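So you can see what is in the structure, the chains are spelled out below.
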Amino acid sequence: QVQLVESGGGLVQAGGSLRLSCAASGRTFSSYAMGWFRQAPGKEREFVAAISWSGGNTIYADSVKGRLTISRDNAENTVYLQMNSLKPEDTAVYYCAADPQYGRIYVPRYWGQGTQVTVSS
């Protein structure tokens, strides 16, 4: 069992930056693939980024490549999403997710409760 708690969301102007954090419980965090998803009002939840258990592999949605960076600190049981050059269309609730297998990170087993990111124009 893994519990995930996101933080770091807020209101930022277009072009600004935010860093989201996701703290995970459980002694097996370092063996889990981690991901970030988001859901904008009136839209379905969509994949944003994922990272393998070692941090050696990452993947991003085309819409965020070059602006958002996922990373992890296994010693701190935390995964991050550095968000730069933010756009109003990045406004959404951002969810942290975890799965034992990197190949299944698009349908992860565990979810956090989400944190709101609002980008004003």
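Residues numbered from 1 in each chain as written. Predicted model: local features only at pLDDT ≥ 70, side-chain atom pairs only at ≥ 80, totals over all residues. Heavy atoms only, no water.

**What to know about the state of the cysteines**
Now for step 1: The final tally for this structure, using the stated rule, is 1 disulfide.
Now for step 2: Sulfur-sulfur distance for the disulfide between Cys22 and Cys96 comes to 2.1 Å. On the sign convention where negative is left-handed, the bridge of Cys22 and Cys96, at about -80 degrees about the S-S bond, is left-handed. Here Cys96 lies in strand 9 (residues 92-99) and Cys22 lies in strand 3 (residues 18-24), a separation of 74 residues in the sequence.
Now for step 3: For Cys96, a relative accessible area of 0% translates into the label buried. (Disulfide = S-S within 2.5 Å. Helix = DSSP H or I, 4+ residues; strand = E, 2+ residues; numbered from the N terminus. Buried < 20%, exposed > 50% of the residue type's maximum accessible area, 1.4 Å probe, protein only.)

**Structural notes on the pattern of salt bridges**
Now for step 1: By the definition in use, this model includes 5 salt bridges.
Now for step 2: Put simply, Arg38 and Asp90 hold a salt bridge, and the shortest N to O gap is 2.9 Å. Of this pair, Arg38 sits in strand 4 (residues 33-39) while Asp90 is found in the loop between strand 8 (78-83) and strand 9, placing the two residues 52 residues apart along the sequence.
Now for step 3: By relative accessible area, which is 6% here, Arg38 ends up buried.
Now for step 4: Via salt bridges that share partners, Arg38, Glu46, Arg67 and Asp90 belong to a single interconnected network. (Salt bridge = Lys/Arg side-chain N within 4 Å of Asp/Glu carboxyl O.)

**A few points about the pairing of strand 9**
Now for step 1: Burial of strand 9 is extensive: 7 of the 8 residues sit out of reach of the surface.
Now for step 2: For strand 4 and strand 9, the ladder comprises 7 bridges, and the chain directions are antiparallel. In the strand pairing of strand 9, Gly35 is matched with Ala97.
Now for step 3: Pairing between strand 9 and strand 11 (residues 115-120): 3 bridges, direction antiparallel. Looking at the pairing, Ala92 lines up with Val117 of strand 11.
Now for step 4: One ladder, built from 2 bridges, connects strand 9 with strand 10 (residues 110-111); its direction is antiparallel. Looking at strand 10, one finds that Ala98 is bridged to Tyr110. (Pairing = 2+ DSSP bridges.)

In short, geometric facts, not functional conclusions.
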